[in-house]
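Secondary and tertiary structure notes
If you want the building blocks of each chain, they are given just below.
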Amino acid sequence: MSTSEPWKDSNHPLFLHHSDQPGAILVSQQLVEDNFTTWQESMLMALTIKNKVGFVTGSLPRPTDNPTEELQWERCTVLVKTWLLGSMSKEISKSVIHFKDARGIWIELIERFSQSNIVSLFNVEKAIHDCTQGSDSVSTYFTKLKSLWDEKDALTGFLPCPCTTTDKIKVYFENQKTMQFLMGLNSDFEQVRSSIIGLDPFPAPNKAYSMVLRQEQQAKIPSKSLPPSDTSAFAIHGGKEDLNSSAFAIKRSKESLLPGASKSCDKCNMSNHSTRQCRSHLTCSFCNNKGHTVDYCRKKKRTIAAENAGSNINLADTGANDTNLALVNNHGNLSLSNAEYQQVMALLNRLQSPSSSQQQQPNRSIYNSTAHHVGNPSAFTHFSGPTHGEDDWDGV
């Protein structure tokens, strides 16, 4: 390698690779009015990779003692100038295209857009203040907040300082970031937040983030189901009694669950039976009441039972609670003396006692054994119908 042309070395700033084409796009985003800070950072990284960052920062001045090296420098600065112009919007590139070198364009952009840094810094500070977790995960929330912190650091542009005070200032800013992160967390992390605040020394943002993230992952682990307690077992046992007590109601309403059955009657609009069970069209020829026929009439059966008790006893009033008897002859006239009348009344009292006990005994047996004969039609066949309530109309 010739010592007179050091730029032929690939590590030299003036070295030009065959891939270094003019107008190449080095950054993905173009420079516009409100993204100079991020564009500047991206362009500096791209120029550093190309080993041409000295042409914009001023660390590589124009050589004047070697015309050949000066010519090579001119070629390189024009190349960097085309890279800068290719990464701007058309309006901005037209305003800086007449600068002679890349350094002039760079200074012009800084002077023009650095005035808006205060506004950008205000917007970033407000975004950091309003940033909370909300419905985001801890990872998403911290990533969003971290990008705002980085943008704020780029806007402030603190220069490195070798003094010991710099370390204290750095720790202060790191503590502020950690507090901002903890304040934006949801109330679900109140316990871990209190634990982090009580730590000494106060952790950095990344350390606090890892502790909160661990808590979030532990909360997602499903816990084992506990065995039922005594209270739950008692509730289940009590539920069985409720089921048994409602068995009779379910049995009586099972016909309403048949296909085509409805909860109310379409004929009489009553809600205690279905249309299929309706007996409003039935009329008894003995008592003229509705809901049953003469074959199942209770009043008729009580009358017949009273007539069978004595040949001269007639049931004048067929009420359920009161029965008045009268002794008549074949012609309907009373023809007895006082002594004979007393004898007949004594005989009637003896005859009436078994009859009353016979009428009352079935009622007591039915009421006492209802729970043992639910759904057993044979238990009620001696009443006015085959089953209790089947032929005794309650609708009207």
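Presented here is a report on the structure given in the accompanying data block. (Residues numbered from 1 in each chain as written. Predicted model: local features only at pLDDT ≥ 70, side-chain atom pairs only at ≥ 80, totals over all residues. Heavy atoms only, no water.)

1. Topic: the side chain of Thr 77
Structurally, Thr 77 is set in helix α3 (residues 67-86). Given a relative accessible area of 0%, Thr 77 falls into the buried group. Once residues lying within four places of it in the same chain are set aside, the contact partners of Thr 77 are Phe 55, Asp 101 and Ala 102. (Helix = DSSP H or I, 4+ residues; strand = E, 2+ residues; numbered from the N terminus. Buried < 20%, exposed > 50% of the residue type's maximum accessible area, 1.4 Å probe, protein only. Contact = heavy atoms within 4.5 Å.)

2. So, the packing of helix α1 (residues 36-49) against helix α5 (residues 102-113)
It is at 11 Å that the axes of α1 and α5 come closest, and there the two elements cross at 155°. As the angle between them shows, α1 and α5 are arranged roughly antiparallel. Where α1 crosses over α5, the two elements pack in a sense that is left-handed. On the side of α1, the interface is formed by Phe 36, Trp 39, Gln 40, Met 43 and Leu 44, while α5 contributes Trp 106, Leu 109, Ile 110 and Phe 113. By residue class, the composition of the contact of α1 with α5 is eight nonpolar, one polar and no charged. (Axes fitted to C-alpha atoms, helices over the stretch in contact; angles between N-to-C directions. Parallel < 35°, antiparallel > 145°, perpendicular 65-115°, else oblique. Left-handed = near helix turned anticlockwise from the far one by under 90°. Nonpolar A, V, L, I, M, F, W, Y, C, P; charged D, E, K, R; others polar.)

3. Describing the packing of aromatic side chains
We describe a pair of aromatic rings using the distance from one ring centre to the other and the angle between the two ring planes. Throughout the structure, instances matching the rule amount to 10 aromatic pairs. Centroid distance Phe 142 to Tyr 209: 4.4 Å. Interplanar angle 15°. Geometry classified as stacked. One end of the pair, Phe 142, is in helix α7 (residues 138-156); the other, Tyr 209, is in helix α10 (residues 205-219), and 67 residues separate them in sequence. One exposure class covers both Phe 142 and Tyr 209, and it is buried. (Phe/Tyr/Trp six-rings, centres within 6.5 Å; stacked < 30°, edge-to-face > 60°.)

4. Brief notes about the pattern of salt bridges
Going through the model one piece at a time under the given rule, you end up with 11 salt bridges. A salt bridge links Arg 62 to Glu 70; its shortest N-O distance comes to 3.6 Å. A salt bridge links Arg 112 to Glu 108; its shortest N-O distance comes to 3.2 Å. Placement of both Arg 112 and Glu 108 in helix α5 is noted, with a separation of four residues, approximately one turn of the helix. Via salt bridges that share partners, Arg 62, Glu 70 and Glu 74 belong to a single interconnected network. (Salt bridge = Lys/Arg side-chain N within 4 Å of Asp/Glu carboxyl O.)

5. Some words on α3
Here α3 contains 20 residues, and its C-alpha end-to-end distance of 29 Å stays within 8% of the 28 Å for a straight helix at 1.5 Å per residue. Taken as a whole, α3 has its buried residues at Glu 69, Gln 72, Trp 73, Cys 76, Thr 77, Leu 79, Val 80, Lys 81, Trp 83, Leu 84 and Leu 85. The secondary structure elements touched by the buried residues of α3 are α1, α2 (54-57), α4 (90-96) and α5. Two or three places before Thr 68, at the opening of α3, Asn 66 has a side-chain oxygen 3.1 Å from that residue's backbone nitrogen. (Expected span 1.5 Å × (residues − 1). Polar contact = N/O pair within 3.5 Å; in protein donor to acceptor, adjacent residues only side chain to side chain.)

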